[in-house]
Amino acid sequence: MAPMCGIAGYIGPRKAVDVVFDQLKRLEYRGYDSAGIAYLNGDSTIHVLKRAGKLTELGKLLEDGSPDSGLAIAHSRWATHGAPTDLNAHPHFDQFGDIALIHNGIIENYLEVKAELMAEGHVFRSETDTEVAAHLIGREHASGLTLEESVRRAVRRLRGAFAFVVLSRREPEKFVAARNASPLIVGLGEGESMVASDVPALLPYTRKVVIIEDDRVAMLTRDGVVVTDLEGRPAPYEPMTIDWDVEAAEKGGYEHFMLKEIHEQPLVVRQCLAGRLDEAGRVRLEQVFSDHVWQEIDRVNIIACGTAYHAGLLGKYLLEMMLRLPTDVFYSSEFRYGDPLLSDRSLAVFISQSGETADSLAALRLCKSRRIRTLGIVNVVGSSIARECDRVLFTQAGPEISVASTKAYVAQSLVLQLLALYIAQVREMPGIRVGELVQDLREFESRMDRCLILEPQVQELAERFVGAPLVFFLGRNADAHVAREAALKLKEVAYVPTQESPAGELKHGPLALIEPGTLAVFGATDPEVREKLASNIREVQARGGFVLAVTTDDDTSLDGVSEAVIKVPAGRSSYLNALLSVVPLQMFAYHVARLRGCEIDQPRNLAKSVTVE
Ligand code: F6R
């Protein structure tokens, strides 16, 4: 599995291997852990070069000069499952060595397809889902179908979120690319065509591009591209001219990585859930503990820093409210020096985007020395925390480049929801409507998508409140936890002082800080406590403070009560409603920071991965 990897492909008069290697280099800024190239050079054989590690490792295979070839495809892998090894690196072959395939994304039903192919005698070399797609396409191709028709058939059969690029030694004048949810862009040149997962890879060669849509198959030759739907009917497309410079292109046309990553969140939801919700409306988690362990655990300690800690707070809310499973959340730095009480039946959960945070790693080692079971919720495969935990659930959010974490938080919180549902299933807990919550998860991507259209409204609010000297972030229950994360975002990227607390705590002290001009942001997605929140809102207003409420779109109770209201699409689960409300607040932090002229992607004094204490 490999979401968010780099894809490149080229056919034309230039040395194709050099072109695709250069294209991979231009995608390097996104992070990767292995890379590979497949090319044809007229001898009816597919040649493959691949190496774990950085591109310089792959480059060593080309040191004696790159081969002559007019057609090559290449891939840089950012592993989410399966170690970053030579074997797992792409391209992968089919059974007959006729085609080579690179792949970005996740194929959900690969085990089922793999079983079918194995019954027919197919032998697989790797554990990857990618190889299954290669074999499936290869089988169709061997039956006499063209490469593009073979790809169409395979795509119709596969479920998930993916993009492929495939070449065939039997049809050396073309290559084929297909898209279902993962990004894919075709570049059109003079007598040459190319494809990439991201615009920066294409810019040195052409500015004329075609954005391939979902469920489309593109056949590329030197003369151009033919795009069809999955039934083979021609699909209209509109080439466009990209006028971004390289820096803008790396950010997908967004001004900053932070904004790009906020906008990537619907895709992140899809990638994070891919393969984890089954047809029967249940959660499927591979490689976690066996059932008796889940039965035995009587306490959970969640250990993390910063944003990951905030996701942990949401996890506590969920595990305690839903499962009645006692849960504590610790800052890693406090945990490691706090002589924690740990029982044999407890589970320690480490949440980390980078998997390298020094305090979290030290806390993990402490747990291991005490023989406590450990579970990681980690984004970077192959990172120290991922390697050292007994079990890991990967967040599958793709590389996060902005120092301020956005999409990783959403993915961490979703994994916690999956985990809670999984434990509920194992424990066969009556009263927990797993199917209903799974349905809510399935709808989350489209709700997240609808949140993004709030941006113009959020931008206006940022303009209105940019001068606030102090911003409160308040809420109750899950909204209180999201409020802490929203406050951290504003603090770190816009350098605005914030005060965050559960709304009920206001009059026990923080209220003293409210004066005319103070802004108070209220997370109000939970209908159970909305009335209580309304009285907190009045407490703020009575002292001259302004209120911005974030609620769900089925609520009208705060209209006219607060100075401004943002509404996110409502769902059934209060947890997911609260989580969704983080999106406009991430945008709010971003736009305030932009108006204040801050260095958004690299805030002063901060680093992406805190590998020192
Ligand atoms: C804030 C942020 C940090 C990290 C924290 C933990 O936007 O990114 O607070 O969440 O440093 O980092 P990881 O998750 O890599 O362990």
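Residues numbered from 1 in each chain as written. Predicted model: local features only at pLDDT ≥ 70, side-chain atom pairs only at ≥ 80, totals over all residues. Heavy atoms only, no water.

Below, the discussion takes up the sheet that holds strand E23 (residues 546-552). Reading across from one edge, E21-E20-E22-E23-E24 is the order of the five strands in this open sheet, with parallel pairing throughout. The open sheet has two edge strands, strand E21 (498-502) and strand E24 (564-568), and neither has a second partner. Within this sheet the neighbouring strands show an average axis-to-axis angle of 15°, counted without direction. Pairing of strand E22 (residues 519-523) with E23, which is carried by five bridges, proceeds in the parallel orientation. Its bridge partner lying in E23, Gly523 is registered against Val550. Contacting E22, E23 and E24, helix H21 (residues 582-595) crosses the sheet at an angle of about 145° to E23. (Pairing = 2+ DSSP bridges. Helix = DSSP H or I, 4+ residues; strand = E, 2+ residues; numbered from the N terminus. Axes fitted to C-alpha atoms, helices over the stretch in contact; angles between N-to-C directions. Contact = heavy atoms within 4.5 Å.)

Inspection of the region around the ligand gives 15 residues, with Ser352, Gln353, Ser354, Thr357 and Glu492 positioned closest. Contact between the ligand and Ser354: an oxygen atom at 2.6 Å from a side-chain N or O atom of the residue. At 2.8 Å from an oxygen atom of the ligand is found a main-chain nitrogen or oxygen belonging to Ser405. Taken by itself the ligand offers 410 Å² of open surface, and the protein chains cover 89% of this. Of the domains in this structure, domain 2 (261-450) and domain 3 (453-595) are the two that each give at least three residues to the shell around the ligand. (Near = heavy atom within 4 Å. Polar contact = N/O pair within 3.5 Å; in protein donor to acceptor, adjacent residues only side chain to side chain. Areas by Shrake-Rupley, 256 points an atom, 1.4 Å probe, with all protein chains shown as cover. Domains from an automatic or database assignment.)

Attention shifts here to the domain arrangement of the protein chain. Domain annotation for the protein chain reports domain 1 (6-250), domain 2 (261-450) and domain 3 (453-595). In this structure, domain 1 and domain 3 have C-alpha centres spaced 45 Å apart.

Look at helix H10 (residues 306-323) against helix H18 (residues 478-494): their axes get within 9 Å of each other, and the N-to-C directions meet at 175°. In terms of axis orientation, H10 runs roughly antiparallel to H18. Side by side, H10 and H18 meet where Gly306, Thr307, Tyr309, His310, Leu313, Leu314 and Tyr317 of the first sit next to Ala478, His481, Val482, Arg484, Glu485, Leu488 and Lys489 of the second. The class makeup of the residues in the contact of H10 with H18 is seven nonpolar, four polar and three charged. (Parallel < 35°, antiparallel > 145°, perpendicular 65-115°, else oblique. Nonpolar A, V, L, I, M, F, W, Y, C, P; charged D, E, K, R; others polar.)

A complete count under the given rule lists six aromatic pairs for this structure. Taking 3.7 Å as the distance between ring centres and 15° as the angle between the ring planes, the aromatic pair formed by Tyr309 and Tyr331 counts as stacked. Of the two residues, Tyr309 sits in helix H10 while Tyr331 sits in strand E16 (residues 327-331), which places them 22 residues apart along the sequence. When its relative accessible area of 8% is taken as the criterion, Tyr309 is described as buried. Looking at Tyr331, the relative accessible area reads 34%, which means it is partly exposed. Members of the aromatic cluster, each reached through a chain of ring pairs, are Phe289, Trp294 and Tyr422. One cation-aromatic arrangement involves Lys114 over Phe124; the distance from NZ or CZ to the ring centre is 5.2 Å. (Phe/Tyr/Trp six-rings, centres within 6.5 Å; stacked < 30°, edge-to-face > 60°. Buried < 20%, exposed > 50% of the residue type's maximum accessible area, 1.4 Å probe, protein only. Lys NZ or Arg CZ within 6 Å of the ring centre and 35° of its normal.)

This part takes up unusual backbone geometry. Following His90, the chain continues to Pro91 via a peptide bond in cis, the omega torsion being 5°. Tracing the backbone shows Pro91 in the loop between strand E4 (71-77) and strand E5 (92-93). We note that Asn477 has phi near 55°; this positive angle belongs to a residue other than glycine. Note on placement: Asn477 falls in the loop between strand E20 (471-475) and H18.

Before going further, it helps to examine the sheet that holds strand E19 (residues 391-394). On the basis of which strands lie adjacent, the open sheet formed by five strands has the order E16-E15-E17-E18-E19 and parallel pairing. Each edge of the open sheet carries a strand with a single partner, namely E16 and E19. Here the strands of the sheet are splayed against their neighbours by 20° on average, with no regard to which way each runs. As paired elements, strand E15 (residues 299-304) and strand E17 (residues 346-352) share five bridges and run parallel to each other. Note that in E17 the partner of Val300 across the bridge is Leu347. Together, E15, E17 and strand E18 (373-378) form the strand contacts of helix H12 (residues 358-369), whose direction differs from that of E17 by roughly 160°. The strands touched by helix H14 (residues 407-426) are E15, E17, E18 and E19; relative to E18, the strand with the most contacts, the crossing angle is about 135°.

All right, on to the environment of Ala274 then. With respect to the helices and strands, Ala274 occurs in the loop between helix H8 (265-273) and helix H9 (291-296). Along the sequence, Ala274 and Ala161 sit 113 residues apart, while their C-alpha atoms lie 7.4 Å from each other. Discounting chain neighbours no more than four positions away, the residues touching Ala274 are Ile106, Glu108 and Gln396.

Okay, H8 next. The element H8 is largely enclosed, with a buried count of eight among its nine residues. Within the sequence span of H8, burial applies to Gln265, Pro266, Leu267, Val268, Val269, Gln271, Cys272 and Leu273.

Let us now look at the pairing of strand E13 (residues 224-229). Of all six residues making up E13, five are buried, and the element is well covered by its neighbours. As paired elements, strand E12 (residues 216-221) and E13 share six bridges and run antiparallel to each other. The partner of Thr221 across the bridge, within E13, is Gly224. Connecting E12 to the antiparallel partner E13 that follows it, the hairpin turn spans two residues.

Turning our attention to the packing of helix H4 (residues 129-142) against helix H5 (residues 147-157). Look at H4 against H5: their axes get within 8 Å of each other, and the N-to-C directions meet at 135°. Taken together, the axis directions place H4 and H5 in an arrangement best described as oblique. The two elements H4 and H5 meet at a crossing, and its hand is right-handed. Across the interface between the two elements, Leu136, Ile137, Glu140 and His141 of H4 pack against Leu147, Ser150, Val151, Arg153, Ala154 and Arg157 of H5. Class assignment of the residues belonging to the contact of H4 with H5 gives a composition of five nonpolar, two polar and three charged. (Left-handed = near helix turned anticlockwise from the far one by under 90°.)

To continue, consider the side chain of His310. Here His310 shows up in helix H10. Within the structure, His310 has its side chain in polar contact with the side chain of Glu485 (distance 2.9 Å). Apart from the residues lying within four places of it in its own chain, the contact partners of His310 are Tyr409, Arg484, Glu485 and Leu488.

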